[in-house]
Amino acid sequence: MFNKLINQRGWFKFFKQSKIRSFALLFVIGLGLSLAIASCAPSNSANTSTEKPQTSKLTVLKMGHQKGMALLNIIKAQGRLEKRLQPQGISVTWNEFSSTAPLLEGMGVGAIVFGGGGGTGSVFAQASDKPFVRVAASTSSTRSSAIVVREDSPIKTLADLKGKKVAFAKGASSQYMIVRALEKVGLKYSDIQPVYLTPAEALPAFERGDFDAWVIWDPYTAEAERKLRTRLLADNTTVFGEKAPIESPAFYYAAPDFVRDHPDIVKIILQELEKAGSWSKNNYKDSAKLLSKLYKVDLATMEIVEGRGGDRKVLPVTDEVLTGLQNMADTFYELKVIPKKIDVKDKNYNWVPDRKW
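Residues numbered from 1 in each chain as written. Predicted model: local features only at pLDDT ≥ 70, side-chain atom pairs only at ≥ 80, totals over all residues. Heavy atoms only, no water.

Student: Describe helix α8 (residues 220-227), listing the residues and the values that go with them.
Tutor: Among the residues of α8, T221, A222, E223 and A224 are the ones counted as buried. Buried residues in α8 make contact with β5 (145-150), β8 (213-217), β9 (230-235) and α14 (299-307). (Buried < 20%, exposed > 50% of the residue type's maximum accessible area, 1.4 Å probe, protein only. Helix = DSSP H or I, 4+ residues; strand = E, 2+ residues; numbered from the N terminus. Contact = heavy atoms within 4.5 Å.)

Student: Tell me about the side chain of Q175, residues and numbers included.
Tutor: Note that Q175 resides in helix α6 (residues 173-184). Residue classification places Q175 among the buried positions, given a relative accessible area of 1%. Beyond its immediate chain neighbours, meaning those up to four positions away, Q175 contacts F168, A169, K170, Y189, Y196, F332, L335 and V337.

Student: Residues and numbers for the pairing of strand β7 (residues 193-196), please.
Tutor: In terms of strand pairing, strand β6 (residues 165-168) meets β7 through 4 bridges, oriented parallel. In the strand pairing of β7, K165 is matched with Q193. Running through α6, the crossover from β6 to the neighbouring parallel element β7 is right-handed. (Pairing = 2+ DSSP bridges. Right-handed = clockwise from strand over helix to strand, strands pointing away.)

Student: I'd like a rundown of the pattern of salt bridges, residues and numbers included.
Tutor: Taken as a whole and assessed by the stated rule, the structure comprises 18 salt bridges. Note that E183 and R180 form a salt bridge whose closest N and O atoms lie 3.5 Å from each other. Remark: R180 and E183 occur in helix α6; sequence separation between them is 3 residues, near one turn of the helix. For E183, a relative accessible area of 48% translates into the label partly exposed. Take R180: its relative accessible area is 22%, and that puts it in the partly exposed class. Here K281 makes a salt bridge to D311, at a shortest N to O gap of 3.2 Å. Of this pair, K281 sits in helix α12 (residues 263-282) while D311 sits in the loop between α14 and β11 (314-315), placing them 30 residues apart in sequence. Residue classification places K281 among the partly exposed residues on the basis of a relative accessible area of 42%. A relative accessible area of 43% means that D311 is categorised as partly exposed. (Salt bridge = Lys/Arg side-chain N within 4 Å of Asp/Glu carboxyl O.)

Student: A description of the packing of helix α2 (residues 70-78) against α12 should follow, citing residues and the corresponding values.
Tutor: Contact geometry of α2 with α12 gives a least axis separation of 9 Å together with a crossing angle of 95°. One finds that α2 runs roughly perpendicular with respect to α12. Between α2 and α12, the contacting residues are L71, L72, I74, I75 and Q78 on the first element and E272, L273, A276, G277, W279 and S280 on the second. For the contact of α2 with α12, the class distribution of residues is 7 nonpolar, 3 polar and 1 charged. (Axes fitted to C-alpha atoms, helices over the stretch in contact; angles between N-to-C directions. Parallel < 35°, antiparallel > 145°, perpendicular 65-115°, else oblique. Nonpolar A, V, L, I, M, F, W, Y, C, P; charged D, E, K, R; others polar.)

Student: An account of the confidence of the model for the protein is needed here, citing residue identities and associated values.
Tutor: Mean pLDDT over the protein: 85, with 84% of residues reaching 70 or higher. Here residues 1-42 is a poorly scored stretch, pLDDT under 50, and it has 1 contact once near neighbours within four places are set aside; other chains count. (pLDDT = per-residue confidence, 0-100.)

Student: Which residues make up the sheet that holds β9, and what are the values?
Tutor: Spatially, the 5 strands line up as an open sheet ordered β7-β6-β8-β5-β9, and their pairing is mixed. The sheet terminates laterally at β7 and β9, the two strands that pair on one side only. Here the average twist between neighbouring strands, direction ignored, is 30°. Contacting β5, β6, β7, β8 and β9, α6 crosses the sheet at an angle of about 75° to β5. Against the sheet, helix α7 (residues 199-208) contacts β5, β8 and β9, and its axis sits at roughly 145° relative to β8.

Student: Lay out unusual backbone geometry with the relevant residues and their values.
Tutor: D218 connects to P219 through a cis peptide bond whose omega is 10°. Relative to the helices and strands, P219 is located in the loop between β8 and α8. In the Ramachandran plot, K296 falls in the positive-phi region, its phi being about 55° despite a non-glycine side chain. Relative to the elements of secondary structure, K296 occurs in the loop between α13 (284-295) and α14. Among the residues examined, K296 registers a relative accessible area of 73% and is labelled exposed.

Student: Give a description of the packing of aromatic side chains that names residues and reports values.
Tutor: The final tally for this structure, using the stated rule, is 11 aromatic pairs. Centroid distance F114 to Y252: 6.4 Å. Interplanar angle 20°. Geometry classified as stacked. You can see F114 sitting in strand β3 (residues 114-118) and its partner Y252 sitting in strand β10 (residues 250-254), a full 138 residues away along the chain. Taking relative accessible area as the criterion, Y252 reaches 1% and is therefore assigned buried. For the pair F168 and Y189, a centre-to-centre distance of 6.4 Å together with 50° between the ring planes defines the contact as tilted. Of this pair, F168 sits in strand β6 while Y189 sits in the loop between α6 and β7, and the two are 21 residues apart along the sequence. The two residues F168 and Y189 agree in class, both being buried. Of the aromatic side chains, those joined through ring pairs into one cluster are F132, F251, Y253 and Y349. For R134, the ring lying beneath its charged end belongs to F251, and the centroid distance is 5.9 Å. Against the face of F206 rests R150, its NZ or CZ located 5.5 Å from the ring centre. (Phe/Tyr/Trp six-rings, centres within 6.5 Å; stacked < 30°, edge-to-face > 60°. Lys NZ or Arg CZ within 6 Å of the ring centre and 35° of its normal.)

Structure follows, in structure tokens:
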């Protein structure tokens, strides 16, 4: 009986100790899982990049580019980044995208860590909670965007667009431009008949006379001027005035973790883009020759585009630069083009380095 009691008490003691050990083990496992989950949680913030050391050595820089982002195409063609990064043991790969939207999609899944495109694409991406960071802005050139009509059109002024069919790419900077152009003459978006067409679709339709006016951007603007009988109704300087270079700028984008972990490489890329901008401005005919081959656009058209290319500056992402983009985002929200109102100045989507690169 006594031995039986001892055995029961011993079992009870063992049970108590085992229970304590089990709870301790469960607590440790739970804590570990919590930390692991927290470390894997997505973050879009890149503004602490200068305060954190690099967490891993970069061996391959995955770059994205598209037609229209001239400076990216120039540094790719000239091998500028490869030469600059080779001493650090970093190779460079390039992926081409048709437009900004798929480029930012590719960034979101890790296909690239750096690229560039129109600001419009970032409005849609931010409204869809895609992970990206604007790291710099690119000024637009004079007359890079325009509203054109056929040479024999009875439309003489912007006010004459009331009730007319106007073609442009839906959700592109051209849609924003026509809204602002109409505002200048007291018209509303509802006063026109929108015709949503991509540039490739609109070109033959314009020749056929399927619509009355076309809102387009370079190199299509220059191509229409050269090959079709057109008349300029307004351009981005007419519509936006002195704010034209930054009212609808393009941006350079990077993946949030790339900005956080490798801010020095981001700065090197931006330095090379600035050098390419200076070169193309001072040698626009050579730049046109290079880009005409890349874009498969005739040289005469590219010389027009590059000849009016402007300063080709690479600017920090300041409040002034983002003001125009916010106007665009607000316009798209009012037109129900994007699903929600966004703040493009949200620090999680914009890189503010401690000093200019």
